[in-house]
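# An overview of the molecular structure
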Amino acid sequence: MKTGATTAVPLRNVAIIAHVDHGKTTLVDGLLSTAGTFREGQVVAERVMDRMDLEKERGITIMAKNCALSWKGIQVNIVDTPGHADFGGEVERTLNMVEGALLLVDAAEGPMPQTRFVTRKALANKLRICVLINKIDRKDARARDVLSEVFDTLADLGASDEQLDFPYLFTSGIEKLAKKQLEDPDGDLSLVLDMVLEQVPPPDVAAADAPLQLLVSNLDRSDYFGRLGIGRVRRGTIRRHQEVVVIAAGGARPGKVLQLQRFRGVERETIESAGPGEIVTVAGLDDVAIGDTIADAETPEALPRISVDEPVLSLEFSPNSSPLAGRSGKYVTSRHLRERLFREQLGNPAIRVEETAHKEILKVSGRGELQLGVLLEIMRREGYEMTVSRPEVILKEEGGRKLEPYERVTIDCPEEFIGALSDLLSRRRGKMLRLDNPGYGRVRMEFRIPSQGLIGLRTKFRVLTKGEGVLNTEFDSWQPLGEPVTGRKTGALMSDREGKTTPYALWMLEDRGTFFVPPKAAVYCGMVVGEAGKDKDLWLNVCREKHLTNVRAAGADEAIQLTPHRQLTLEDGLEWIEADELLEVTPDSFRIRKRVLRKP
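The structure reproduced in this document is the subject of the present report. What you are looking at is a predicted structure, and each value in this text was computed from that prediction instead of being measured. (Residues numbered from 1 in each chain as written. Predicted model: local features only at pLDDT ≥ 70, side-chain atom pairs only at ≥ 80, totals over all residues. Heavy atoms only, no water.)

## Points about the sheet that holds strand β6 (residues 128-134)
Reading across the sheet, the eight strands line up as β3-β4-β2-β5-β6-β7-β8-β9 and stay open at both edges, with mixed pairing between neighbours. Only two strands of the sheet have a single neighbouring strand rather than two, namely β3 (65-71) and β9 (187-188). Pairing of strand β5 (residues 100-106) with β6 involves seven bridges; the strand directions are parallel. Residue pairing across strands places A101 opposite I129, the latter belonging to β6. (Pairing = 2+ DSSP bridges. Helix = DSSP H or I, 4+ residues; strand = E, 2+ residues; numbered from the N terminus.)

Next comes the structure, spelled out in structure tokens:
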């Protein structure tokens, strides 16, 4: 840990926003390297800002994170934001910390659904937008056309004339190059840093002598200090050991700043004070939450709390009550589950946790299946066991009518799948809004579809497009409630007893459907072991042994050759289950079960 200076430094605060997989985190790597943040010979991991295991495995940003670099004597604070619509709450709560935004757009894909979402939020926050047409090294890049599409997107979102006159560069984060025009010789990413200094306005420091106000926009944790609040100083000066007031949703309480740090590269350094515009980490305020205001003790004034878009999907969480409960998990009780979920809500305003009529069941609401699935994956890796219900859309009433959420779906796929995909989405009440066929074999389609129609869609989409399609979604609007979208049309195969599956039993029952379990897997009565080939549920004895007799039968010595079982992922399980089923999530497995385990 370093100790930094106490004097104010020239600042620029900028967020990097884009659609998922358009290259934000790779660009941050390049900017940090260009600014000389890392010492010579230092081993630096690829996508250094992706610190969670899940982020590295999936190759996407899940949590917004801060870093800083120094360029030409000016500190540039950078906020790396997620690009998936399900994690839009991370974008909404961090844009209040910056004055400008670097909008990345893939030179081949162009503006996508999340591009519109983050751009709309940046315009609403009156940020200075600088456009980077990224990945110009792609063979299918069409950078000039994409630049025109970005202009059209901004105009469609109601940008002012000043906002439409945006600066732009053509870049490749992975190649660490940038240029002002495509015909220019390759330059380096110093052009991006120069553009930030020239185009992004510095924070207003005129209020340095006013009473302190700092809005907490993010949380972290220290083994020594406990919970850390991260936010931008709006006015006044915050100092180490200063007595402050924390203004929360439920009232105000006194506190003391024990430690104060600012970002230096991807690390932090201890400082004595920070003025307006600086993004700092505050330690010592144990119960601080996102949206709280850290204010002057003598004249406390609250800032408007952070607001995010409403969740549209919910799950019911409950403790694992199956006969196999507790075999691999560390936290298995309802108390553990309750504490963990409410702790998640504290650090993520886009997640909502509510009590239900049953004291052991909690309703958890979020933006989509991916966000809730990531929460489940994080919890199971931490050692939690739980069962969750089928995802359900959240309805609301307005003017005496029930409304349901609708999503805008963008699909990129080979043109041969146009008919099949149109049929798939129309059966889920989707309506085509747009079809673009540039003539090189792939098309882009846009649909408006109720959120309930997306449940279980991604798996069918992957199978139908043979893995060659890309599907993205964005919240569109609330519309009058329509007819329910039918779920899967096949039944479930259930075990009628507790035991272990045998190769012989599975081999004899292969004609009943597709199995989810391999031989010698532990099962129990009421556990779903596969998908039936028909529309009815079937009870099966998957533990049956082959009984030996002294009578030699024809074919008795035939080798058993099983069809490989279908390995369910977390997302597959959430999409597959129906209302009378639950997904059992443990650190080492996913199982599907009936709500009522008894055989009828």
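Still more ground to cover, so stick around.
## Thoughts on the packing of aromatic side chains
Overall, the coordinates contain five aromatic pairs when judged by the stated rule. Consider the rings of Y224 and F225, whose centres lie 4.8 Å apart with planes at 85°: the pair is edge-to-face. Relative to W576, the ring of F516 lies with its centre 5.2 Å away and its plane at 90°, an arrangement referred to as edge-to-face. On the criterion of sequence distance, the pair formed by F516 in the loop between β32 (513-515) and β33 (522-523) and W576 in helix α13 (residues 570-576) is long-range, its members being 60 residues apart. Accessibility classification places F516 together with W576 in one group, the buried group. Looking at R488, its charged tip hangs above the ring of W576, at a distance of 3.6 Å from the centre. (Phe/Tyr/Trp six-rings, centres within 6.5 Å; stacked < 30°, edge-to-face > 60°. Buried < 20%, exposed > 50% of the residue type's maximum accessible area, 1.4 Å probe, protein only. Lys NZ or Arg CZ within 6 Å of the ring centre and 35° of its normal.)

## Describing the layout of surface pockets
One number sums up the size of the largest pocket: a volume of about 1,100 Å³. Along the wall of the largest pocket there are 33 residues; nearest its centre are M63, L219, D220, R221 and E344. Broken down by secondary-structure element, the contributors of at least two residues to the lining of the largest pocket are β3, α3 (88-94), β10 (213-222), β11 (226-235), α8 (334-347) and α9 (369-381). Residue classes in the lining of the largest pocket are distributed as 14 nonpolar, six polar and 13 charged. (1 Å grid on protein atoms, 1.4 Å probe; cavity = no way out; pocket = protein on both sides within 12 Å on 5 of 7 lines; lining within 4 Å. Points joined across faces, edges and corners; volume = space filled by probe spheres on them. Nonpolar A, V, L, I, M, F, W, Y, C, P; charged D, E, K, R; others polar.)

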